[in-house]
Amino acid sequence: MSPTDLERWVPPPETKAELDWAPLLTVDLSRFDSPGGKESLAAELKGAVTTWGFWTVINSGIPQSLIDRHFAIASAFFNQPLEEKRKVVTDYAGGGSHFGYREPREMKLNGSEDVMKQNVEMLNIPKLPPSYEVNQPLHDLINDYRQEIAEFQRLCYVKVLRRLLVLIAIILELPEDYLVARHDFLRPSEDHIRMLKYHPRLEDEDQRVKDTWLGGHTDFGSLTLLFNQPVVALQILAPSNDWKWVKPVPGGITCNAADVITNDYDLKGYIKSCVHRVVRPPRDQAHLQRISLVYFLRPGNDIPMLPAPSPILLRERLISTLENVADGGSEEVVTGYEYVRARSGYYNTRKDWNVDGKGEKQLFQVKNLSVQDYYN
Ligand SMILES: O=C(O)CCC(=O)C(=O)O
Ligand SMILES: [Fe+2]
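Source: prediction; values computed, not measured.

Undergrad: Just to check I follow, could you spell out the pairing of strand E13 (residues 276-279) for this structure?
TA: Every other side chain in a regular strand lies on the same face of the sheet, so the side chains alternate between the two faces. Alternating positions in E13 separate into two faces, His276 and Val278 on one and Arg277 and Val279 on the other, with burial throughout. Where strand E8 (residues 212-217) and E13 come together, 3 bridges link them in antiparallel fashion. Considered in E13, the bridge of histidine 217 is made with histidine 276. As defined by bridge partners, strand E10 (residues 234-237) adjoins E13 across 3 bridges and the pair is classed as antiparallel.

Structure, rendered in structure tokens:
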């Protein structure tokens, strides 16, 4: 297929259902560069990142045509024959590589021998910056659109992620570039975009998994961007401990804080890594295929996973010193690469799926680092 004959992506119709929506903050990024803009945005974002861990950004400056183009690429990719998609596959078991295509997996339900096949297929495309050679095979179709994908990824970083890292650093009373330096787009990291396609299921099949299409989880990395699409299915676990629906915001990007920026080396739980899941859409959309487009920001490969010297964490007694306590070349200190690979290998080779509860709380341990794992 040549880069010109891609079918235009037509978003499916919006739902008319009235649902219990999460009251997410909207952050207008066009204010970022105006005088005092960063400071006032950071003040607004503080409550959202510490209580919900989810928020929406608008006016990012990423052209909508480029976003739509990526939904079109995703749609074309998933429409290919399985043999073609299987040419580059994830290798979670052999080293934890999450790049490539992942087929729907068979999962054992609630510890029984009852097996259910997932209804989601995924493609993870590595960050493709101009600054180094990415030694990762790509599908032919993805290679055809490589330039556009690389530009889209760059804009995700420059227009959204970099700005959010600055705002979160301000919230944490850290130097503005503290988190940016640990997430340098031009240096190697496990960043990637993910395209997902969910296939609608019959109502009684969905009932076997309590209508869940993707079990409750937190994301492993630092920040996640979910580009707006109209099929409503994403839910987040509210501070009140019940599930709320995420409402689409046309032209917006739903953002969430993930485990690295939250749980451990960085922010010691001050910022919330919110549990979320994907469920059967409301009745008027339950028959639709759902394509998702996501950017996962991860710490730099060689960044040691150490607590951030944030005065606010000290005041909240989440750290006991502003020194990087585990610093000094200890072999025990996990790097961003080691953490991400170990975590995604562990998570993605599980065969059990607890569809009944709100999840099992377990600690995931890699060297000196333990992370609250949450899934169901
Ligand atoms: O498809 C979605 O809306 C969410 C996907 C997600 O949570 C993930 O891939 O981690
Ligand atoms: Fe997620």
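Undergrad: How should empty space enclosed by the protein be read in this particular structure?
TA: To find leftover empty space, a probe the size of one water molecule is rolled over the atoms. In this structure the tally under the stated criterion is 2 cavities of 30 Å³ or more. For the largest cavity, the calculated volume is near 620 Å³. Tyr198, Leu214, His217, His276 and Val278 are the residues nearest the centre of the largest cavity, which is lined by 42 residues in total. Every element with two or more residues in the lining of the largest cavity is listed here: strand E7 (192-198), E8, strand E9 (223-227), E13, strand E14 (290-297) and helix H9 (336-348). In terms of residue count, the dominant contributor to the lining of the largest cavity is E14 (5 residues). Considering only residue class, the lining of the largest cavity consists of 20 nonpolar, 14 polar and 8 charged. A volume near 40 Å³ is recorded for the second largest cavity. Taken together, Val88, Phe99, Gly100, Leu123, Asn124, Ile125, Pro126, Gln136, Pro137, Leu138, His139 and Ile142 make up the lining of the second largest cavity. Broken down by element, the residue count for the lining of the second largest cavity peaks at 4 residues, all from strand E6 (residues 120-126). Considered class by class, the residues forming the lining of the second largest cavity number 8 nonpolar, 4 polar and no charged.

Undergrad: Mind showing me how you'd approach the pattern of salt bridges here?
TA: Scanning the model with the defined rule gives 18 salt bridges in all. Residue arginine 315 pairs with glutamate 173 through a salt bridge whose shortest N-O separation is 2.8 Å. Separated by 142 residues along the polypeptide, arginine 315 in helix H8 (residues 311-315) and glutamate 173 in the loop between helix H5 (146-171) and helix H6 (178-181) bring together distant segments of the chain. Look at arginine 315 and you get exposed, because its relative accessible area is 55%.

Undergrad: In this structure, what is going on with the site of ligand 1? I would like to understand it.
TA: Near ligand 1, the surroundings consist of Arg194, Leu196, Tyr198, Leu214, His217, Asp219, Leu226, His276, Val278, Arg290, Ser292 and Phe296. Here aspartate 219 contributes a side-chain N or O atom positioned 3.2 Å from an oxygen atom of ligand 1. At a separation of 3.0 Å, an oxygen atom of ligand 1 approaches a polar side-chain atom of arginine 290. Contact with the protein chains removes 97% of the 300 Å² of surface that ligand 1 exposes when unbound.

Undergrad: Please explain the nonpolar core as it appears in this structure.
TA: In summary, soluble globular proteins display a tendency toward joint burial of nonpolar side chains. Grouped together as the largest cluster of nonpolar side chains are 71 residues, with contacts concentrated most on Trp55, Leu164, Leu223, Leu225 and Phe227. The element that contributes the greatest number of residues to this core is H5, accounting for 15 residues. Sequence-distant contacts of phenylalanine 227, defined by excluding residues within four places in its chain, comprise Ile62, Ile67, Phe71, Phe152, Cys156, Gly252, Ile253 and Leu293. Of all hydrophobic cores here, the second largest spans 20 residues; its members include Trp213, Ile236, Val278 and Val294.

Undergrad: Can you help me understand the packing of helix H2 (residues 64-78) against H5 in this one?
TA: Two numbers describe a pair of packed helices, the interaxial angle and the distance between the axes. Between H2 and H5, the least distance of the axes is 11 Å, while the angle of their chain directions is 130°. Judged on the interaxial angle alone, H5 and H2 are oblique. Taken as a pair, H2 and H5 cross one another with a handedness that is left-handed. Residue-level inspection shows Leu66, Ile67, Arg69, His70 and Ile73 of H2 in contact with H5, the latter providing Glu148, Ile149, Glu151, Phe152 and Leu155. Here the residues of the contact of H2 with H5 sort into 6 nonpolar, 1 polar and 3 charged.

Undergrad: Looking at this model, I keep getting lost on the sheet that holds strand E5 (residues 115-117). Mind explaining?
TA: As a general point, the strands of a sheet are linked pairwise by backbone hydrogen bonds and lie either parallel or antiparallel. Reading across the sheet, the 3 strands line up as E5-E4-E15 and stay open at both edges, with mixed pairing between neighbours. Looking along the sheet, the strands with just one partner apiece sit at the ends: E5 and strand E15 (352-353). Relative to E5, strand E4 (residues 106-109) runs antiparallel, the two being bridged by 3 bridges. By the bridge assignment, lysine 108 is partnered in E5 with valine 115.

So, how was this worked out
- Residues numbered from 1 in each chain as written.
- Chains lettered and ligands numbered in written order.
- Predicted model: local features only at pLDDT ≥ 70, side-chain atom pairs only at ≥ 80, totals over all residues.
- Heavy atoms only, no water.
- Buried < 20%, exposed > 50% of the residue type's maximum accessible area, 1.4 Å probe, protein only.
- Helix = DSSP H or I, 4+ residues; strand = E, 2+ residues; numbered from the N terminus.
- Pairing = 2+ DSSP bridges.
- 1 Å grid on protein atoms, 1.4 Å probe; cavity = no way out; pocket = protein on both sides within 12 Å on 5 of 7 lines; lining within 4 Å.
- Points joined across faces, edges and corners; volume = space filled by probe spheres on them.
- Nonpolar A, V, L, I, M, F, W, Y, C, P; charged D, E, K, R; others polar.
- Salt bridge = Lys/Arg side-chain N within 4 Å of Asp/Glu carboxyl O.
- Near = heavy atom within 4 Å.
- Polar contact = N/O pair within 3.5 Å; in protein donor to acceptor, adjacent residues only side chain to side chain.
- Areas by Shrake-Rupley, 256 points an atom, 1.4 Å probe, with all protein chains shown as cover.
- Core = buried A, V, L, I, M, F, W, Y, C linked by side-chain atoms within 4.5 Å.
- Contact = heavy atoms within 4.5 Å.
- Axes fitted to C-alpha atoms, helices over the stretch in contact; angles between N-to-C directions.
- Parallel < 35°, antiparallel > 145°, perpendicular 65-115°, else oblique.
- Left-handed = near helix turned anticlockwise from the far one by under 90°.

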